[in-house]
Amino acid sequence: MASIRELHHQLVTKQRSAVEIATAAIDRVEQLEPKLRSFLCTTPTQALEQARLVDAKIAAGEEIGLLAGIPIALKENMCTQGIATTCGSKILEGFVPPYESTVTQKLKDLGAVSLGKTNLDEFAMGSSTENSAYQVTANPWDLERVPGGSSGGSAAAVAGSECVVSLGSDTGGSIRQPASFCGVVGLKPTYGLVSRFGLVAYASSLDQIGPFARTVEDAAILLEAIVGYDPKDSTSLKVETPKYSQLLTPDLPKGLKIGIITETFGEGLDPQVAESVRQSIKHFRSLGAEIQEISCPRFRYGLPTYYVIAPSEASANLARYDGVKYGFRAEADNLMSMYTKTRAAGFGAEVKRRIMLGTYALSAGYYDAYYLKAQKVRTLIKQDFEAAFSQVDILITPTAPTTAFKAGEKTADPLSMYLSDLMTIPVNLAGLPGISIPCGFDDKGMPIGLQLISNVLREDLLLQVAHVYEQSTTWHTRSPQL
Ligand code: GLN
């Protein structure tokens, strides 16, 4: 499938109509879904309606934006008025939001054509999309492997060319890790850059929405469409944002300093992943970047810190699902039993595990030892990054320690699943932006991802550096045979 700019060109020069583009995308989704299962629900009627509006604008001689008429997909934890939003959970079965989230409203207003809502791990908790209560999504590069998670549906939909770009959410790696597993670009913005209004909360101090795309430029175009201050989200930042896609140039900024986080090349890293990342570093050097090793000694506490903070916030956020207001309700003869039966039957095992972990960490007597301690370590991790960014402009790590694993391989061992996010979690804890871009393939033909991290609100630099790497390599030109 073409890029945003190519499709935009076809539209404004009237080579193809938005309805034709939407119809082709709907057909492709229909043809591929039996294999990929990226979508929890498709919305072809709404897509064609939106495409017709775009065509009417073009016919009337009105100017259209870059995203008008572009087929997109949305992770199913973003509220869309009148369209089911279950978060991949039985407990929200049948829930149809009465309002639209800020990001999806922005895309609607720009004329983007949503094809539907994509599969995810229940409430975005997981790294393989296998925790969805409804279906398992396949990795387009090998249908027996997982697409990563929790935004696995959005990543697979882009990798399989079911849509041009998509949105995911990233709390500990849920955009970057599936982007890495599926060989596409995935960006988690600075905390507060993109409104969370209408994104169903998992861990509110970490959650951010961001783009998936096949090229850095497409990711930049989607990012600039969704950023901006939103009075409906109290953590939203009031900052000026540039037009990221217009800043992309063929060369690295002069004197660019890149740091390699030493600690990320330790135990558990697949040797083929390590080798690809080393080759990428060499490549950056040949492009003129200055490379140095940087130590972030507290980086390794990211995982245990996250697994106290995120479940704590989740235990509070998920308290609202009790059978009264939303979705599923179990039959019972009194109120207390209705609550407990609803939650027992409605939540899956991983969500229950986290609610229990979080409730324990927040309970009287344990709060100081776990939650408060974790918050202090979070500050130390942030300080490691601050020290690093006083020396370099960009940090590099592998996105994930391995390539995509086989479905079922890690479902019985939560800890080994949690290790998938070793490299991405510290970035969320520090509120920084991070991007994963394709940087190679292993001997099984599975994509490898490179993570670039910048200082807060330097998405401009992050995208620029990623763009130069991408355009001077060929990884992004390969696509899976489906
Ligand atoms: N995989 C991590 C988890 O299970 C991150 C999830 C996310 O970013 N939403 O919590």
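Our structure is the block above this text.
From a predicted model like this one, the values you see are computed outputs, not experimental measurements.

Student: What am I meant to see in the overall build of the chain here?
Tutor: Helix and strand content of the chain: 15 helices and 11 strands. For the chain, the spread of C-alpha atoms along the three principal axes comes to 65 × 55 × 45 Å. Split into buried and exposed, the 482 residues of the chain put 60% on the buried side. For the chain, restricting intrachain contacts to residue pairs at least 6 apart in sequence, the fraction spanning at least 24 positions comes to 76%. When the accessible surface of the chain is summed, it comes to about 18,500 Å², and 53% of that surface belongs to carbon and sulfur atoms. Of the side chains in the chain, 45 bear a positive and 51 a negative charge, and the two mean positions are spaced by 3 Å.

Student: Just checking my understanding: could you explain the nonpolar core for this structure?
Tutor: One finds Leu107, Phe284 and Leu452 to be the most contacted residues of the largest nonpolar core, which totals 96 residues. The element best represented in this core is helix H7 (residues 216-226), accounting for eight residues. The contact partners of Leu107, leaving out residues within four places of it in the chain, are Gln50, Leu67, Ile72, Leu74, Ala112, Leu167, Leu222, Ala225 and Ile226. The next biggest cluster of nonpolar side chains, apart from the first, holds 44 residues, and it includes Cys87, Ile91, Ile294 and Ala314.

Student: Even after reading the chapter, I still don't get the packing of helix H9 (residues 302-317) against helix H11 (residues 349-362), so can you show me in this structure?
Tutor: Any two packed helices are characterised by how steeply their axes cross, that is the angle between the axes, and by the distance between the axes. H11 packs onto H9 with a crossing angle of 100° between their chain directions and a minimal axis gap of 7 Å. Taken as axis vectors, H9 and H11 run roughly perpendicular relative to one another. On H11, the residues that touch Tyr306, Tyr307, Val308, Pro311, Ser312 and Ser315 of H9 are Arg354, Ile355, Leu357, Gly358, Thr359, Ala361 and Leu362. Of the residues contributing to the contact of H9 with H11, the split by class is eight nonpolar, four polar and one charged.

Student: Explain the pattern of salt bridges here, please?
Tutor: Where charged atoms from two side chains of opposite charge come close, those side chains can pair. In total, this model carries 10 salt bridges according to the counting rule given. With its nearest N and O atoms 2.5 Å apart, the salt bridge here joins Glu217 to Arg5. Note that Glu217 is positioned in helix H7 and Arg5 in helix H1 (residues 4-12), a separation of 212 residues in sequence. The exposure class assigned to Arg5 is partly exposed, which follows from its relative accessible area of 33%. The residue Arg353 makes a salt bridge to Glu350 at a minimum N-O spacing of 2.3 Å. Placement of both Arg353 and Glu350 in helix H11 is noted, with a separation of three residues, approximately one turn of the helix.

Student: What is the right way to look at the site of the ligand in this model?
Tutor: Within the structure, the ligand sits among 15 residues, and Gly172, Ser174, Tyr306, Arg354 and Asp421 are positioned closest to it. Between the ligand and Ala124, the relevant distance is 2.8 Å, taken from a nitrogen atom to a main-chain nitrogen or oxygen of the residue. Contact distances for the ligand include 2.6 Å between an oxygen atom and a side-chain N or O atom of Arg354. Within the complex, the protein chains bury 100% of what would otherwise be the 290 Å² of accessible surface of the ligand. Taken together, the residues of the shell around the ligand sort by class into five nonpolar, seven polar and three charged.

Student: I would appreciate a short explanation of helix H15 (residues 459-471) in the present structure.
Tutor: Given 3.6 residues to a turn, an α-helix orients residues that are three or four positions apart in the same direction. Taking 1.5 Å per residue as the helical rise, H15 with its 13 residues ought to reach 18 Å, and the 18 Å between its terminal C-alpha atoms agrees with that figure. Residues of H15 that are buried: Glu459, Leu461, Leu462, Leu463, Gln464, Val465, Ala466, His467, Val468, Tyr469 and Glu470. Against strand S5 (185-188), H7, helix H8 (271-286), strand S9 (394-398), strand S10 (434-441) and strand S11 (447-454) lie the buried residues of H15.

Student: Teacher, can you tell me more about the state of the cysteines here?
Tutor: On inspection of all chains with the given rule, the structure shows zero disulfides. Cysteine Cys41 remains unbridged, with the sulfur of Cys87 as its closest cysteine sulfur at 12 Å. Considering cysteine sulfurs only, Cys182 is the nearest to Cys163, which forms no disulfide, with 11 Å between them. The exposure class assigned to Cys163 is buried, which follows from its relative accessible area of 0%.

How each quantity is defined
Residues numbered from 1 in each chain as written. Predicted model: local features only at pLDDT ≥ 70, side-chain atom pairs only at ≥ 80, totals over all residues. Heavy atoms only, no water. Helix = DSSP H or I, 4+ residues; strand = E, 2+ residues; numbered from the N terminus. Buried < 20%, exposed > 50% of the residue type's maximum accessible area, 1.4 Å probe, protein only. Contact = heavy atoms within 4.5 Å. Areas by Shrake-Rupley, 256 points an atom, 1.4 Å probe, with all protein chains shown as cover. Lys, Arg positive; Asp, Glu negative; His and termini not counted. Charge placed at Lys NZ, Arg CZ, Asp CG, Glu CD. Core = buried A, V, L, I, M, F, W, Y, C linked by side-chain atoms within 4.5 Å. Axes fitted to C-alpha atoms, helices over the stretch in contact; angles between N-to-C directions. Parallel < 35°, antiparallel > 145°, perpendicular 65-115°, else oblique. Nonpolar A, V, L, I, M, F, W, Y, C, P; charged D, E, K, R; others polar. Salt bridge = Lys/Arg side-chain N within 4 Å of Asp/Glu carboxyl O. Near = heavy atom within 4 Å. Polar contact = N/O pair within 3.5 Å; in protein donor to acceptor, adjacent residues only side chain to side chain. Expected span 1.5 Å × (residues − 1). Disulfide = S-S within 2.5 Å.

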